[in-house]
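Structural overview
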Amino acid sequence: MADQGPTLETARLILRPTAAEDFDGWAALMADDASKFIGGPQARSTAWRGFISVAGAWAIQGYSMFSVIEKASGLWVGRVGPWVPEGWPGTEVGWAIAKDAYGKGYATEAATAAIDWAFDVLGWADVIHCIDPENLASQKVAERLGSTNRGLGRMPAPYEEYPVDIWGQTREQWRARPR
């Protein structure tokens, strides 16, 4: 799958389409309590369905979440990128970072590259982040990215009962932000 889309690089990270070798890291992330704001801990078989959905979006939509690889170690440390399933409340760039990689600024670094790509290559005019009101860490990432809380949003089924705030900004706000 890695050749189905672009590879983006930051100072410390490689962002590339999902590949088969990423599944163990993905499954570990989704089994951990770290997944509580993205659907909650899942069995490996359930995590597989989400993994394949993200990988398949590259083939169907031409974009999807990138696998985030730490350059120094070669380890899969999360997923970050454009995500717009059917019924989604907008053009999202989302993130989920493995617990072992918390506190390193990877979500902000990877999301910056993914937002640049979404605006420059995909031509998006707006980007959102769907964030649980209790997820303070993701709210801080959104703030570092220059996004603001636009208020309560509604997710499509089967997530319609999950509370979510919609954070976001326009392409013009993104380009005008201090760097």
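Predicted model only: the values in this text are computed from it and were never measured.

With that settled, the discussion passes to helix 4 (residues 136-145). All buried positions along helix 4 are accounted for by Ser138, Gln139, Val141, Ala142 and Leu145. In a view along the axis of helix 4, the buried residues occupy a sector of 160 degrees, so they form one face of it. Residues of helix 4 that are exposed and point over 90 degrees away from its buried face: Leu136, Ala137 and Arg144. Looking one or two residues beyond helix 4, the residue adopting positive phi is glycine 146, at roughly 95 degrees.

When helix 1 (residues 23-31) is considered as a whole, its buried residues turn out to be Phe23, Trp26, Ala27, Leu29 and Met30. Mapping the buried residues of helix 1 onto a view down its axis gives an arc of 160 degrees, with all of them on the same face. Where the residues of helix 1 are buried, they touch helix 2 (44-61), strand 4 (76-83) and strand 5 (92-97).

For methionine 155, the location among the structural elements is in the loop between strand 7 (148-153) and strand 8 (164-170). Expressed as a C-alpha distance, the spacing of methionine 155 and isoleucine 115, which sit 40 residues apart in the sequence, is 21 Å. Look past the residues within four positions of methionine 155 in its chain and what remains in contact with it is Trp88, Pro89, Cys130, Glu160 and Val164.

This part takes up the pairing of strand 6 (residues 126-131). Of all 6 residues in strand 6, 5 are buried, a share of seventy percent or more. Here strand 6 pairs with strand 8 via 6 bridges, running antiparallel. Each residue of the ladder has a partner; that of valine 127, found in strand 8, is glutamine 169.

To continue, consider the environment of isoleucine 131. Secondary-structure assignment places isoleucine 131 in strand 6. Between the C-alpha atoms of isoleucine 131 and threonine 10, which are 121 residues apart in sequence, the distance is 24 Å. Setting aside anything within four residues of it in sequence, one finds isoleucine 131 in contact with Trp95, Ser138, Gln139, Ala142, Val164, Asp165 and Trp167.

Formed by 53 residues in total, the largest nonpolar core has its most connected members in Leu15, Trp26, Val80, Val93, Trp95 and Trp124. In terms of residue count, helix 3 (residues 106-120) provides more of this core than any other element does, 10 residues in total. Every residue in contact with tryptophan 95, bar those within four places of it in the chain, is listed here: Met65, Arg79, Val80, Ala107, Ala111, His129, Ile131, Ser138, Val141, Ala142 and Leu145.

A few words now on the layout of surface pockets. The rolling of a water-molecule-sized probe over the atoms marks out the regions of remaining empty space. Counted as a void, the second largest pocket has a volume near 240 Å³. Together, 15 residues line the second largest pocket, and Trp76, Ala98, Lys99, Asp100 and Ala101 are the ones closest to its centre. For the lining of the second largest pocket, the elements supplying multiple residues, two or more each, are helix 1 and strand 4. Ranked by the residues each element gives to the lining of the second largest pocket, the list is headed by helix 1, at 3 residues. Of the residues contributing to the lining of the second largest pocket, the split by class is 8 nonpolar, 2 polar and 5 charged.

Our next topic: the packing of aromatic side chains. Counted under the stated rule, the structure contains 11 aromatic pairs. Centre to centre, the rings of phenylalanine 23 and tryptophan 48 are 5.0 Å apart; their planes meet at 90 degrees, and the pair counts as edge-to-face. Within this pair, whereas phenylalanine 23 is found in helix 1, its partner tryptophan 48 is found in helix 2, the two being separated by 25 residues in sequence. A relative accessible area of 42% means that tryptophan 48 is categorised as partly exposed.

What counts and what doesn't
- Residues numbered from 1 in each chain as written.
- Predicted model: local features only at pLDDT ≥ 70, side-chain atom pairs only at ≥ 80, totals over all residues.
- Heavy atoms only, no water.
- Buried < 20%, exposed > 50% of the residue type's maximum accessible area, 1.4 Å probe, protein only.
- Helix = DSSP H or I, 4+ residues; strand = E, 2+ residues; numbered from the N terminus.
- Arc of directions from axis to C-beta.
- Contact = heavy atoms within 4.5 Å.
- Pairing = 2+ DSSP bridges.
- Core = buried A, V, L, I, M, F, W, Y, C linked by side-chain atoms within 4.5 Å.
- 1 Å grid on protein atoms, 1.4 Å probe; cavity = no way out; pocket = protein on both sides within 12 Å on 5 of 7 lines; lining within 4 Å.
- Points joined across faces, edges and corners; volume = space filled by probe spheres on them.
- Nonpolar A, V, L, I, M, F, W, Y, C, P; charged D, E, K, R; others polar.
- Phe/Tyr/Trp six-rings, centres within 6.5 Å; stacked < 30°, edge-to-face > 60°.

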